Each structure stands twice: as C-alpha cells, then as structure tokens.
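What follows is the residue order along each chain.
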Amino acid sequence: MDSSQPDFDYLFKLLLIGDSGVGKSSLLLSFTSDTFDDLSPTIGVDFKVKIVTLGGKKLKLAIWDTAGQERFRTLTSSYYRGAQGVIMVYDVTRRETFTNLKDIWAKEIDLYSTNQDCIRMLVGNKVDKDSERVVTKKEGIDFARECGCLYLECSAKTRVNVEQCFEELVLKILDTPSLLAEGSKGVKKNIFSQKPPEADASTSGCC
Ligand SMILES: Nc1nc2c(ncn2[C@@H]2O[C@H](COP(=O)(O)OP(=O)(O)OP(=O)(O)O)[C@@H](O)[C@H]2O)c(=O)[nH]1
Ligand SMILES: [Mg+2]
C-alpha cells in the first residue's frame, strides 16, 4: 500500500464552545474515551482526535475544546478558523449558560467563523440532574430553530446522547458539499494544519 495515502477519507475540525463548567471537556472525554471524570477548568485550549466511520466514510475528527473562562476569551477567536462544525454547549441546570449562548457565543461564531456553511449544534448537557433542571427542552428547541442549529440534550456523565451529538453534526457536514470539499483538502495535502498554537495547548490526547 502507498504509505503517502492518508488512512481516512476526510479530516474535519470541530469546536466545542460555551461557558465554563457546562461540561465541554467532559463531553469530549466521554466521546473519545468512554469515561467521566471530575475535570478541572480547561486552560487555553485542549485538543483530541478521534477516527470514526460514518456514512460509509472513514473520518478523522480533530476536536478542539476551548476554555469557557472569561480570562481566556482573547485566545479563542483563532480557533474558529476552518472549523466545519461547532458544538454550543449549555448546562440545563444553569440558565445563564443558556442565555450567554444567545448573547455571546452565537455572535462569536458569526464574527469569527471562516466557513459560511459551518454547521452548528446546540447541546443541553447534564440532563442526569433532572431535579435541578431550569431550562426546558422546548426552550432549547426554540432557540435552535431560531439560529438554524441542530439540537440535542445529553449527559456526559451517563453518556446518554453523547455519541449522537458528534454523529449528527458530522452527518450534516457530510451532507454539505462545500464543507466536504474543505475536509478533503486536508486529506489531499495530508497535513494536520489545524494544530492548536503550541503555547496554548495544554494536553494533547489521541484517539
Ligand atoms: N452531573 C453532571 N455533571 C457534569 C456533566 N458534565 C460535566 N459535569 C461536571 O461539571 C463540571 C465542569 O465540567 P467540565 O467538562 O470541566 O466543563 P467545561 O465546560 O470544560 O469548563 P471550562 O473548561 O472551564 O470551560 C465538572 O465537575 C464535571 O464533572 C454531566 O453531564 N452531568
Ligand atoms: Mg473544559
């Protein structure tokens, strides 16, 4: 076999955004390692890679996990560059994390995203804490409709709907010709051009 051929059909860059503590890193860990841990807040940006087979294609997902804390905000704009999908996460037990998605995060995507067709997914996390829920599913659905996003509720802790969050997003990317073209550019060049900046990268996990 020709070793210069990449072992995947498309390379997609996905981004997790949302307030600190909503569970972005936990979702990523749950998706990539099938585990749940009590994590510390992310510093700068973290980055994980997962290979999945979806829609008959072998896909390399480079998933960027950004810090929600205000003091890291200035680092974040460059992370949007070249992303084919963005997952906007809120905590169903903390209303301000939901309103901040509307007031801050959705605007950031508009401002910084370089892909016009970039697919957005709204995710309400921590549904395992049902007795503490303050944001209803209907509110989530309505907001998703308003901003033209996909929508799911999930729990990084119980892993309910975690895979679906990533899979539905990726399937929609696979359905969008302009994003597919981008994804295959990365493959042709056989480069991994979307590494986080050295100085900001905290840890790098793999597959
Ligand atoms: N019960 C419950 N707790 C969760 C869930 N997801 C995350 N947590 C907890 O919420 C806290 C914050 O989770 P993180 O994944 O670190 O949140 P984050 O969005 O990455 O936060 P930043 O890195 O600061 O932006 C941790 O104590 C997690 O254990 C969930 O689905 N259910
Ligand atoms: Mg984090």
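Scroll up to find the structure.
To start, this report covers the structure provided alongside it. From a predicted model like this one, the values you see are computed outputs, not experimental measurements.

**Quick notes on the site of ligand 1**
Close contacts around ligand 1 come from 24 residues, with S20, K24, S26, D38 and G68 the closest. Interatomic distance of 2.9 Å between a backbone N/O atom of G21 and an oxygen atom of ligand 1. The side chain of S155 places a nitrogen or oxygen atom 3.3 Å from an oxygen atom of ligand 1. Protein coverage of the free-state accessible area of ligand 1, which is 660 Å², stands at 89%. When each cavity is represented as a set of grid points, ligand 1 is found to reside in the largest pocket. It is helix α1 (residues 24-33) that contributes the most residues to the shell around ligand 1, 3 residues altogether. Taken together, the residues of the shell around ligand 1 sort by class into 6 nonpolar, 10 polar and 8 charged.

**Here we look at the coordination of the magnesium ion (ligand 2)**
Those protein atoms acting as donors to the magnesium ion (ligand 2) are S25 (OG) and T42 (OG1), and they sit at 2.0 to 2.1 Å. In this pair, S25 is assigned in helix α1 and T42 in the loop between α1 and β2 (45-54), connecting sequence segments 17 residues apart.

**Focus on the packing of aromatic side chains**
Considering all chains together, one arrives at 7 aromatic pairs under this definition. A centroid spacing of 5.9 Å and a plane angle of 5° characterise the contact between Y10 and F12, whose relative ring orientation is stacked. Among the residues examined, Y10 registers a relative accessible area of 14% and is labelled buried. Note on F47 and W64: the rings are 5.7 Å apart at their centroids and 80° apart in plane angle, and the pair reads as edge-to-face. Placement of F47 in strand β2 and of W64 in strand β3 (residues 57-66) is noted, with a sequence separation of 17 residues between them. The two residues F47 and W64 agree in class, both being buried.

Parameters at a glance
Residues numbered from 1 in each chain as written. Chains lettered and ligands numbered in written order. Predicted model: local features only at pLDDT ≥ 70, side-chain atom pairs only at ≥ 80, totals over all residues. Heavy atoms only, no water. Near = heavy atom within 4 Å. Polar contact = N/O pair within 3.5 Å; in protein donor to acceptor, adjacent residues only side chain to side chain. Areas by Shrake-Rupley, 256 points an atom, 1.4 Å probe, with all protein chains shown as cover. 1 Å grid on protein atoms, 1.4 Å probe; cavity = no way out; pocket = protein on both sides within 12 Å on 5 of 7 lines; lining within 4 Å. Sits in = over half its atoms within 2 Å of the grid points. Helix = DSSP H or I, 4+ residues; strand = E, 2+ residues; numbered from the N terminus. Nonpolar A, V, L, I, M, F, W, Y, C, P; charged D, E, K, R; others polar. Donors = N, O, S within 2.8 Å, 3.2 Å for Na, K, Ca; no water. Phe/Tyr/Trp six-rings, centres within 6.5 Å; stacked < 30°, edge-to-face > 60°. Buried < 20%, exposed > 50% of the residue type's maximum accessible area, 1.4 Å probe, protein only.

No statement about biological role is implied by the geometric values presented.
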